[in-house]
Structure formats: structure tokens, C-alpha cells
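So the chains spell out like this:
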Amino acid sequence: MNSISDAPSPGGGGLFRGIYNKMDTATTMIERLLFFICAIAIAVAMILTAVDVFLRYGFSSPLGWSFDFVMLYLMPAAYYLAFSHGMRIGAHLSVDFFADNFPKRLMRIVYPVLMMVAAVLVVVIGWLIADEAMTSFEAGETLLGSVRWPTWPTGAVISGSFLVLSVRLVLIAWHAAFLEE
């Protein structure tokens with residue numbers, strides 16, 4: 001019930017299916033791009049950390065800026081940008097006991113409702129984070145340290161990933177409610 005995008009869809013649905021397929025395809029493309037950026041962020045974080053360690057212990061001359069850069073930008077990107085992709089492929093934690101033991105008719109009603117509630121909560125959280133990022137941008141807030149890194153990009157990355165996740169949750173609810181047999 002969780003991994004729906006890469007599998008062929010069952011019959012029926014008409015207009016719902018056409019709209020769903022277009023939205024799902026667009027969202028999947030965005031998720032793949034975000035996942036690619038996530039992978040790059042992890043690779044860059046690993047390389048910067050290795051170089052920093054090598055310079056620190058080999059030459060007693062560490063990169064003074066790398067820790068803040070990795071923690072402020074790369075780690076949030078590596079963590080949050082993969083959320084929606086994980087939801088699409090079913091890599092998140094779920095309680096299969098309930099899904100397996102509830103009657104299928106009840107799950108067809110309950111599961112989409114739960115996904116929509118989750119989507120609303122994710123939108124609210126994303127909106128609040130976006131508002132804080134905008135406030136940070138307007139105030140010109142920076143991280144205190146050897147380099148004054150702006151703090152707003154972190155909130156922008158997190159809120160953007162939450163927006164994509166909320167769309168994925170709506171698509172999962174839509175599929176479960178209207179397109180599953």
C-alpha cells in the first residue's frame with residue numbers, strides 16, 4: 001500500500017487516473033532530482049570531512065569553515081531531501097500489523113484519511129519553517145563563526161522538501177482512495 005509510483009496501476013479511475021498519473025510523474029521527477037542532490041550532499045560532506053581530518057592531523061591546519069558548512073547546509077539536505085523519495089518507495093517505518101489485520105474495506109477508508117491528515121500536518125510544519133526561513137532571510141541572519149554563513153537556506157531546503165512530501169502524501173491518499181481495486 002505504500003510503494004505505488006513504480007508499479008503499474010490497476011484498472012479504473014478515468015479522469016482521476018489521468019490527473020493522478022501526470023501529478024505522480026511530475027512529483028517523481030522532482031523526488032529523483034532531490035534524491036540526486038541528497039546524494040551529492042552526502043558525497044561532498046564525506047569529502048570535506050576527510051580533507052578536514054587529513055589537514056587537521058597531517059598538517060595541523062584544518063579547514064576552519066567545513067564543519068559549519070556541513071552541519072548547516074549539507075546534513076539537512078542529505079536528511080530532508082530524501083523524505084518524499086522514501087515515502088514513494090515505501091522505505092519509511094510503518095506498522096504492518098494494522099494494515100495486515102484490518103479489513104481491506106476499512107483500510108481503504110482509513111489509510112487515505114490518515115495520509116491526508118499527515119499531508120496537512122506536513123504542510124503546516126513546512127509553512128512554519130518557510131516563514132522562519134523568510135524572516136531569517138529578511139533579517140540577514142548568519143551563523144557566528146569563522147565564516148558568517150546565512151541561516152535561511154537550511155529552512156528553505158527543509159520547507160521545500162516538506163512541500164514535495166505533502167504532495168506525495170496526497171498522491172498516496174488519492175491512489176488508495178480512488179485507484180486501488
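For the structure given in this document, a descriptive report is provided here.

Reading the values: rules and limits
Residues numbered from 1 in each chain as written. Predicted model: local features only at pLDDT ≥ 70, side-chain atom pairs only at ≥ 80, totals over all residues. Heavy atoms only, no water. Helix = DSSP H or I, 4+ residues; strand = E, 2+ residues; numbered from the N terminus. Rg over C-alpha atoms; globule rule 2.2 N^0.38 Å. Buried < 20%, exposed > 50% of the residue type's maximum accessible area, 1.4 Å probe, protein only. Core = buried A, V, L, I, M, F, W, Y, C linked by side-chain atoms within 4.5 Å. Axes fitted to C-alpha atoms, helices over the stretch in contact; angles between N-to-C directions. Parallel < 35°, antiparallel > 145°, perpendicular 65-115°, else oblique. Contact = heavy atoms within 4.5 Å. Phe/Tyr/Trp six-rings, centres within 6.5 Å; stacked < 30°, edge-to-face > 60°. Salt bridge = Lys/Arg side-chain N within 4 Å of Asp/Glu carboxyl O. Expected span 1.5 Å × (residues − 1).

Comments concerning the overall build of the protein
Moving on, step 1. A tally of helices and strands in the protein yields six helices and zero strands.
Moving on, step 2. Written out in order from the N terminus, the α and β elements of the protein read α-α-α-α-α-α.
Moving on, step 3. Taking 181 residues into account, the globule formula puts the C-alpha radius of gyration at 16 Å, and the protein, at 20 Å, lies well above it.
Moving on, step 4. Along the three orthogonal principal directions, the C-alpha set of the protein runs to about 65 × 35 × 30 Å.
Moving on, step 5. Looking at the protein as a whole, 34% of its 181 residues are labelled buried.

With respect to the nonpolar core
Moving on, step 1. Of all hydrophobic cores here, the largest spans 13 residues; its most connected members are Met 87, Tyr 111, Met 115, Val 122, Leu 165, Leu 169 and Ile 172.
Moving on, step 2. Of all the secondary structure elements, the ones that give two or more residues to this core are α5 (104–139) and α6 (152–179).
Moving on, step 3. With seven residues, the top contributor of residues to this core is α6.

A word on the packing of helix α2 (residues 66–80) against α6
Moving on, step 1. Where α2 contacts α6, the axes come no closer than 9 Å and their chain directions differ by 5°. Taken together, α2 and α6 sit at an angle that is classed as roughly parallel. Mapping the contact onto sequence places Leu 72, Tyr 73, Pro 76, Ala 77 and Tyr 80 in α2 and Pro 153, Thr 154, Val 157, Ile 158, Ser 161 and Phe 162 in α6.

What about the packing of aromatic side chains?
Moving on, step 1. On inspection of all chains with the given rule, the structure shows 13 aromatic pairs.
Moving on, step 2. One aromatic cluster is present, formed by Trp 65, Phe 69, Tyr 73 and Trp 149 through successive ring pairs.

A word on the pattern of salt bridges
Moving on, step 1. What the rule picks out here adds up to four salt bridges.
Moving on, step 2. One salt bridge in this structure joins Arg 168 and Asp 24, with 2.6 Å as the shortest N-O distance. In this pair, Arg 168 sits in helix α6 while Asp 24 sits in helix α1 (residues 15–59), placing the two residues 144 residues apart along the sequence. We note that Arg 168, like Asp 24, is buried.
Moving on, step 3. In this structure, the salt-bridge partner of Arg 56 is Asp 52, at a minimum N-O distance of 3.3 Å. Pair noted here: Arg 56 and Asp 52 are both in helix α1, with a separation of four residues, about one helical turn.
Moving on, step 4. Judged by its relative accessible area of 36%, Arg 56 falls in the partly exposed class.
Moving on, step 5. In this structure Asp 52 comes out as buried when scored by relative accessible area, which is 10%.

Digging into α5
Helical periodicity: at 3.6 residues per turn, an α-helix aligns residues three or four positions apart in one direction.
Moving on, step 1. A rise of 1.5 Å per residue sets the reference length of α5, with its 36 residues, at 52 Å; its end C-alpha atoms lie 52 Å apart and thus fit the reference within 8%.
Moving on, step 2. Of the positions making up α5, those classed as buried are Met 107, Tyr 111, Pro 112, Met 115, Ala 119, Val 122, Gly 126, Ala 133 and Ser 136.
Moving on, step 3. On its buried face, α5 is in contact with α3 (83–89), α4 (96–101) and α6.
Moving on, step 4. Immediately downstream of α5, the backbone of Gly 140 shows phi near 70°, a positive value.

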